[in-house]
Amino acid sequence: IVEFLSAEFEDISWVADARAMELKNFTVEDLMEINKSNLKLKHLTVGLESGSNRIAEEIYKKGKGHCDNYLGMAEKLSQANIQLTSGCIFGAPTETADDLYETLEFVSKVKKIHHDFKLSTTFFRPLPGTDLYEFVKSFGIEFPNTLDGWAKLEGITHFEYNRWMSVPWMNSEEEKKYLKAYKDFIGAH
């Protein structure tokens, strides 16, 4: 199939999304075969969300061993010469400054493993109808009840990367520590 597609669509480039727990089943050779086709795989986006095992596993439900799976996957993608792109989400419910420092340390490990690692960042916002939305509401947080209200909220937090946003489920002391960790993170990347 790869040979057919390579010949048929040689001017097409593409990107793909994947999960670290699924990529652990691929060998470096599998990834190299995908990458050597003429289809020009530009990069693979793999969700990181957090380098804190607790946050990744308990809050984001990334699966047991997500961080270890992620490091193994980053190594394979590096060997296969496939660019790795990921996103990191700040301010998850129950996340602490210590969790964010774990993520900072984790991202540094990934950068040492993968020569072409790109990272985008944003702040957590729960999606209505999800378990995390209901969890955040249990903190007494009020959310908009109209589409226009959500658009205004998201427009200032979700699409402006690396912009500080107050974390409403943290008390002021926790938020002060978290803000310092956030500044350290942004300063390092």
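Summary of the structure given here. No experiment lies behind these values; they were computed from the predicted model shown.

### Comments concerning the layout of surface pockets
Regions of empty space are outlined by a rolling probe, equal in size to a water molecule, passed over the atoms. Of the voids in this model, the second largest pocket is the one considered here, and its volume is about 160 Å³. What lines the second largest pocket is simply Ala92, Thr94, Glu95, Thr96, Ala97, Asp98, Phe139, Trp169, Met170, Glu174, Lys177 and Tyr178. Elements that contribute at least two residues to the lining of the second largest pocket include exactly α6 (97-113) and α9 (172-188). When residues in the lining of the second largest pocket are grouped by element, the largest group, three residues, is from α9.

### Comments concerning the packing of helix α5 (residues 66-79) against α6
The contact between α5 and α6 brings their axes to 9 Å, and the two run at 25°. The angle between α5 and α6 places the two elements in the roughly parallel class. Classified by chirality, the crossing of α6 by α5 is right-handed. Residue-level contacts link Cys67, Tyr70, Leu71, Ala74, Glu75 and Ser78 of α5 to Phe106, Lys109, Val110 and Ile113 of α6. When its residues are assigned to classes, the contact of α5 with α6 shows seven nonpolar, one polar and two charged.

### Focus on the pattern of salt bridges
Applying the stated criterion across every chain yields a total of six salt bridges. In this structure, Lys62 and Glu49 form a salt bridge, with 2.6 Å as the shortest nitrogen-oxygen distance. With a gap of 13 residues between them, Lys62 in the loop between α4 (53-59) and α5 and Glu49 in the loop between β2 (41-46) and α4 connect regions that are remote in the sequence. Across the pair, Glu49 and Lys62 agree in class, each one buried.

### What about unusual backbone geometry?
The backbone of Glu49 sits at a positive phi, close to 65°, despite the residue not being glycine. Residue Glu49 is classed as buried on the basis of its relative accessible area, which comes to 16%. Positive phi, normally seen in glycine, also occurs at Thr94, with a value near 75°. Of note, Thr94 is situated in the loop between β3 (84-90) and α6. Judged by relative accessible area, Thr94 falls into the partly exposed class, the value being 32%.

### Comments concerning the environment of Val136
With respect to the element layout, Val136 can be found in helix α7 (residues 131-137). Distance from Val136 to Pro93, taken between C-alpha atoms, is 6.7 Å for residues 43 residues apart in sequence.

### Brief notes about α5
The terminal C-alpha atoms of α5, which comprises 14 residues, lie 20 Å apart, in line with the 20 Å expected from a rise of 1.5 Å per residue. Most of α5 sits out of view: 10 of its 14 residues are buried. Listing the buried residues of α5 in full gives His66, Cys67, Asn69, Tyr70, Leu71, Met73, Ala74, Lys76, Leu77 and Ser78. Two residues or fewer after α5 comes Asn81, characterised by a positive phi angle close to 60°.

### Things to note about the packing of aromatic side chains
Any two aromatic rings considered together are summarised by their centre-to-centre distance and by the angle between their planes. Enumeration over the complete set of coordinates arrives at 12 aromatic pairs. Each ring, one from Phe90 and one from Tyr182, has its centre 5.1 Å from the other, and the planes form 85°; the classification is edge-to-face. Taken together, the residues span a long stretch of sequence, with Phe90 in strand β3 and Tyr182 in helix α9 at a distance of 92 residues. Neither residue differs from the other here; Phe90 and Tyr182 are each classed as buried. Between Tyr133 and Phe143, the aromatic rings sit 5.1 Å apart at their centres with planes inclined by 35°, giving tilted as the arrangement. Placement of Tyr133 in helix α7 and of Phe143 in the loop between α7 and α8 (147-157) is noted, with a sequence separation of 10 residues between them. Each member of the pair Tyr133 and Phe143 is classed as buried.

Conventions adopted
- Residues numbered from 1 in each chain as written.
- Predicted model: local features only at pLDDT ≥ 70, side-chain atom pairs only at ≥ 80, totals over all residues.
- Heavy atoms only, no water.
- 1 Å grid on protein atoms, 1.4 Å probe; cavity = no way out; pocket = protein on both sides within 12 Å on 5 of 7 lines; lining within 4 Å.
- Points joined across faces, edges and corners; volume = space filled by probe spheres on them.
- Helix = DSSP H or I, 4+ residues; strand = E, 2+ residues; numbered from the N terminus.
- Axes fitted to C-alpha atoms, helices over the stretch in contact; angles between N-to-C directions.
- Parallel < 35°, antiparallel > 145°, perpendicular 65-115°, else oblique.
- Left-handed = near helix turned anticlockwise from the far one by under 90°.
- Contact = heavy atoms within 4.5 Å.
- Nonpolar A, V, L, I, M, F, W, Y, C, P; charged D, E, K, R; others polar.
- Salt bridge = Lys/Arg side-chain N within 4 Å of Asp/Glu carboxyl O.
- Buried < 20%, exposed > 50% of the residue type's maximum accessible area, 1.4 Å probe, protein only.
- Expected span 1.5 Å × (residues − 1).
- Phe/Tyr/Trp six-rings, centres within 6.5 Å; stacked < 30°, edge-to-face > 60°.

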